Amino acid sequence: MTNSYKKLGLNDNAIKNLIAQTALESNYGQSVLSGYNNFGGITTGAYWTGKRIKSGDKDKDGNRITQDFRVYDNMDHFTRDHLEFLTKLYDFD
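A quick note: this is a predicted structure, and the numbers were derived from the prediction, not measured. (Residues numbered from 1 in each chain as written. Predicted model: local features only at pLDDT ≥ 70, side-chain atom pairs only at ≥ 80, totals over all residues. Heavy atoms only, no water.)

Re the overall build of the protein
What counts is decided by this rule: Numbering of helices and strands starts at the N terminus; helices are DSSP runs of H or I of at least 4 residues and strands are runs of E of at least 2. Throughout, the radius of gyration refers to the C-alpha atoms, and the reference size of a globule is 2.2 Å times the residue count to the power 0.38. Three labels apply to residues, based on accessible area from a 1.4 Å probe with only protein chains included: buried if under 20% of the type maximum, exposed if over 50%, partly exposed otherwise in between. Two residues qualify as a contact provided that any one of their heavy atoms is within 4.5 Å of a heavy atom in the partner residue. Methods summary: accessible areas were calculated by the Shrake-Rupley approach with a probe of 1.4 Å, and residue burial reflects only the protein chains presented.
A tally of regular secondary structure across the protein gives three helices and two strands. Traced from its N-terminal end to its C-terminal end, the protein shows the element sequence α-α-β-β-α. For 93 residues, the compact-globule formula gives about 12 Å, and the C-alpha radius of gyration of the protein, at 13 Å, lands near that figure. Taking the principal axes of its C-alpha atoms as reference, the protein extends roughly 35 × 25 × 25 Å. Looking at the protein residue by residue over its 93 residues, the buried ones come to 30%. For the protein, long-range pairs separated by at least 24 residues make up 48% of all intrachain contacts whose partners lie at least 6 apart in sequence. Carbon and sulfur atoms provide 48% of the accessible area of the protein, an area that totals close to 6300 Å².

With respect to the nonpolar core
For soluble globular proteins, the rule of thumb is that nonpolar side chains tend to be buried together. Filter applied, for reference: Remark: nonpolar core denotes a set of buried residues (Ala, Val, Leu, Ile, Met, Phe, Trp, Tyr, Cys) joined through side-chain atoms within 4.5 Å.
Membership of the largest hydrophobic core is limited to 10 residues, which are Tyr5, Ile15, Leu18, Phe39, Ile42, Trp48, Tyr72, Phe78, Leu83 and Leu86. Residue assignment for this core shows that the elements contributing at least two residues are helix 2 (12–25) and helix 3 (75–89). Per element, the largest residue contribution to this core is three residues, and it comes from helix 3. Not counting residues within four places of it along the chain, the set of residues in contact with Tyr5 comprises Leu10, Ile15, Leu18, Ile19, Thr22, Phe78, Thr79 and His82.

So, unusual backbone geometry
Phi is positive for Asn27, which is not a glycine, with a value near 55 degrees. With respect to the helices, strands and loops of the structure, Asn27 is situated in the loop between helix 2 and strand 1 (52–58). Although it is not a glycine, Asn37 sits at a positive phi angle of roughly 60 degrees. Positionally, Asn37 belongs in the loop between helix 2 and strand 1.

Brief notes about the pairing of strand 2 (residues 64–70)
So the rule is basically this: Two strands are counted as paired when DSSP detects at least two bridges linking them.
The pairing of strand 1 with strand 2 spans seven bridges and is antiparallel. Residue pairing across strands places Lys58 opposite Arg64, the latter belonging to strand 2. Hairpin geometry of strand 1 and strand 2 is characterised by an intervening segment of five residues between the two adjacent antiparallel strands and by a positive phi of about 90 degrees at Gly62.

Geometric values such as these leave the question of function open.
And the structure:
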């Protein structure tokens with residue numbers, strides 16, 4: 001993952017923070033979604049046209065639901081989309 005983020009031009013501090021966040025999101029790579037290179041638990045949303053998988057999740061009230069999650073071909077694919085996803089949500093460099 002580090003090498004994939006480096007290819008995107010991120011500095012070491014940003015990479016460490018992103019890896020820490022994805023470690024928590026993916027239960028340190030042990031989640032079902034990690035097997036599909038989705039280490040961020042990123043759902044498909046309305047505009048995702050790529051591969052997807054249905055998996056369990058919880059809604060805002062903690063109720064179990066099933067959602068569609070993004071499937072990535074490889075780590076580079078995930079890190080590129082993860083960074084794009086985050087920059088759309090948050091205003092940071």
